[in-house]
Amino acid sequence: MNVEKKEKEALFSIKNRKLLINPLHKDNPITIQVLGVCSALAVTAKMKPAFVMTLSVMAVVAVANVLISIMRNGIPPRIRIIVQLVVIAALVILVDQVLKAFVFDISKQLSVFVGLIITNCILMGRLEAFAMANKPWPAFLDGLGNGFGYGWILIVVSFFRELLGSGTVWDYPIMENLGVYNFGYKNNGLMILPPMALILIGIIIWVQKSKDKSLIEEK
Amino acid sequence: MYSNFYIFRYASVMVIIVAAVLSSAAMFLKPYQERNEAIEKMKGILASAKIDATTENTIELYEKNVNEEIVINNVGDIVSIYKNGNFESGEIRAFNLDLKKELYKKSKGLEFNIPLLVSELNGEKIYIIPLRGTGLWGPIWGNIAVQDNFSTVIGVTFGHKGETPGLGAEIDTKDFQSQFVGKEIFEDGKFQSISVVKGGIVNLPENMKIHGVDAISGGTITSNAVTEMLANCLENYVPFITKNN
């Protein structure tokens, strides 16, 4: 206990704030670390599932980070990946069961996405790289930050895919209400397909790196 | 360094804790989940008969509107009738019949039962037939409501476990389902079913257009699965319909 107190720092010290903010831009899991791209392609055809996916990933990665951080001194290194995977899988199943019991409608919309969180590389990445070596509170912030860093990309990508692919935003038929169909405008079916998500993420990376040259790796 | 014994002990304790947490969560949440599933099933049945229900009033509306549940066997005889909350004959409720198991029996060439629900729309008797089939990634299901000639479609609903969002998953949208309204299952008393046609029904011969709807672009396998589900489920009723006409 005493040792803990000596090292105690403010809950939102600069270091801790960085844990929360860095993953949004400089250390973004999708655009900089290029992790979790697989699910970013799969769940971004519409905004609603992308949003709930964001929330679910944030919850799971934050809680998993805390749990692994608490357990970190007891985990035998040789089976640490298995331990991490078990923690993630257990949490994801729990989230899925709770959604099914209490918010059935949302759970139905998400269908397989919730289960897909298990295979999200960001989770394993954070547990292995951060939670295994840090205290629970920073681990929690790191989890939230990375969850949201993943999530905002999803939301931006799904906004454009839904707008251009289905002509809606959050299921609201904006294109129809603007009356653009009368001028011969058509929804772009290509936007619904996964390749366009990849291209959109590419565009985001391009914009991000051209705004902030320090992100460009040297050859 | 950790000994092997420690590793085994650690792993065993961990999986026991996780198993305990998950199974108690599953046990605790099961009644809620089952209730949700029953409500969802009722909602689908009501929706195919053009009755909009919210999660709160579904059970009430179901009891009010679906006044008869009939179970039929594969040769067209009535096995049981459940009417207004009581069994008139037999002892199987069509609502509780597990269509998945019955269709499995069918695929094995065994005897099987099928459900038929009776309701009313604008004072006329209508039939609701539950459907079940296999999609691209998992099961798909639905309900089809027909007039009492067993041919003209009043409405359909489809649901799926995990079809591709934006593609196959579009089968549960109103846009797709509204295409079925007014289509015919029979052609001059001959079973035709309804097909989901890739490339659209514009390519069909004129007399077949009444038996087809447009498929979903990018969702060909799911579209075909819907066609197959309709044929596989509806054909079971043919013996019953011929016996009763």
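We now turn to the structure provided with this report. Quick caveat: nothing in here was measured; it's all calculated off a predicted structure. (Residues numbered from 1 in each chain as written. Chains lettered and ligands numbered in written order. Predicted model: local features only at pLDDT ≥ 70, side-chain atom pairs only at ≥ 80, totals over all residues. Heavy atoms only, no water.)

**Points about the overall build of chain B**
Moving on, step 1. Each helix and strand counted, chain B has six helices and eleven strands in total.
Moving on, step 2. Projected onto its principal axes, the C-alpha positions of chain B cover 80 × 45 × 40 Å.
Moving on, step 3. Within chain B, the fraction of its 245 residues that count as buried is 46%.
Moving on, step 4. Here the analysis covers contacts within chain B between residues at least 6 apart in sequence; of these, 50% occur between residues at least 24 apart.
Moving on, step 5. Element-wise, carbon and sulfur atoms account for 54% of the exposed surface of chain B, whose accessible area totals about 13000 Å².
Moving on, step 6. The centroid of the 23 positive side-chain charges in chain B is displaced by 7 Å from the centroid of its 29 negative side-chain charges. (Helix = DSSP H or I, 4+ residues; strand = E, 2+ residues; numbered from the N terminus. Buried < 20%, exposed > 50% of the residue type's maximum accessible area, 1.4 Å probe, protein only. Contact = heavy atoms within 4.5 Å. Areas by Shrake-Rupley, 256 points an atom, 1.4 Å probe, with all protein chains shown as cover. Lys, Arg positive; Asp, Glu negative; His and termini not counted. Charge placed at Lys NZ, Arg CZ, Asp CG, Glu CD.)

**Points about the interface of chain B and chain A**
Moving on, step 1. On the side of chain A, 29 residues touch chain B, which itself brings 27 residues to the contact.
Moving on, step 2. Here chain B is connected to chain A by zero salt bridges.
Moving on, step 3. On the surface where chain B and chain A come into contact, there are seven residue pairs in polar contact (both at pLDDT 80 or more).
Moving on, step 4. Its residues placed into classes, the side of chain B that touches chain A shows 16 nonpolar, six polar and five charged. (Salt bridge = Lys/Arg side-chain N within 4 Å of Asp/Glu carboxyl O. Polar contact = N/O pair within 3.5 Å; in protein donor to acceptor, adjacent residues only side chain to side chain. Nonpolar A, V, L, I, M, F, W, Y, C, P; charged D, E, K, R; others polar.)

**Considerations on empty space enclosed by the protein**
Moving on, step 1. Across all of its chains, the model carries one cavity of 30 Å³ or more by this definition.
Moving on, step 2. The calculated volume of the largest cavity comes to roughly 40 Å³. (1 Å grid on protein atoms, 1.4 Å probe; cavity = no way out; pocket = protein on both sides within 12 Å on 5 of 7 lines; lining within 4 Å. Points joined across faces, edges and corners; volume = space filled by probe spheres on them.)

**Notes on a nonpolar patch on the surface**
Moving on, step 1. Taken together, the side chains of A:Val98, A:Phe102, B:Phe28 and B:Tyr32 define a hydrophobic patch exposed on the protein surface, amounting to about 400 Å² of accessible area.
Moving on, step 2. Examined against the element boundaries, B:Tyr32 turns out to sit in helix 1 (residues 4–48).
Moving on, step 3. Relative accessible area serves as the criterion here: at 37%, B:Tyr32 is assigned to the partly exposed category. (Patch = residues over 30% accessible without salt bridge, like charges linked within 9 Å, V, L, I, M, F, W, Y side chains within 5 Å.)

**Some thoughts on the packing of aromatic side chains**
Moving on, step 1. Tallying each qualifying case throughout the model produces 16 aromatic pairs over all chains.
Moving on, step 2. For the pair A:Phe159 and A:Phe160, a centre-to-centre distance of 5.2 Å together with 80 degrees between the ring planes defines the contact as edge-to-face.
Moving on, step 3. With a relative accessible area of 29%, A:Phe159 lands in the partly exposed category.
Moving on, step 4. A ring pair is formed by B:Phe158 and B:Phe176, whose centres lie 6.0 Å apart and whose planes are at 45 degrees; its orientation type is tilted. Of this pair, B:Phe158 sits in strand 7 (residues 153–160) while B:Phe176 sits in helix 4 (residues 174–178), and the two are 18 residues apart along the sequence. Per residue, the accessibility class of B:Phe158 equals that of B:Phe176, and both read buried.
Moving on, step 5. Ring-pair connections join several aromatic residues into one group, and the members of that group are A:Phe102, B:Phe28 and B:Tyr32.
Moving on, step 6. The ring of B:Phe95 carries B:Lys41 above its face, with NZ or CZ at 4.6 Å from the centroid. (Phe/Tyr/Trp six-rings, centres within 6.5 Å; stacked < 30°, edge-to-face > 60°. Lys NZ or Arg CZ within 6 Å of the ring centre and 35° of its normal.)

**Concerning the nonpolar core**
Moving on, step 1. Residues A:Ile30, A:Met53, A:Ile68, A:Ile88 and A:Leu154 are the most contacted members of the largest nonpolar core, which totals 48 residues.
Moving on, step 2. Contributing elements (two or more residues each) for this core: helix 3 (37–42), helix 4 (47–71), helix 5 (80–102), helix 7 (113–116), helix 8 (121–129), helix 9 (136–166) and helix 11 (194–211) of chain A together with helix 1 of chain B.
Moving on, step 3. When near neighbours in sequence (up to four residues on either side) are disregarded, A:Ile88 contacts A:Val60, A:Ala64, A:Ile118, A:Leu123, A:Met124 and A:Leu127.
Moving on, step 4. Core analysis: the second largest hydrophobic core is formed by 37 residues, B:Ile144, B:Val156, B:Leu230 and B:Ile241 among them. (Core = buried A, V, L, I, M, F, W, Y, C linked by side-chain atoms within 4.5 Å.)

**Quick word on the pattern of salt bridges**
For side chains of opposite charge, pairing can occur when their charged atoms come near one another.
All names here are of chain A.
Moving on, step 1. All told, the structure shown has nine salt bridges over all chains when counted by the stated rule.
Moving on, step 2. Arg 80 serves as the salt-bridge partner of Glu 128, at 2.8 Å between the closest nitrogen and oxygen. One end of the pair, Glu 128, is in helix 8; the other, Arg 80, is in helix 5, with 48 residues separating them in the sequence.
Moving on, step 3. Looking at Glu 128, the relative accessible area reads 30%, which means it is partly exposed.
Moving on, step 4. Relative accessible area serves as the criterion here: at 28%, Arg 80 is assigned to the partly exposed category.

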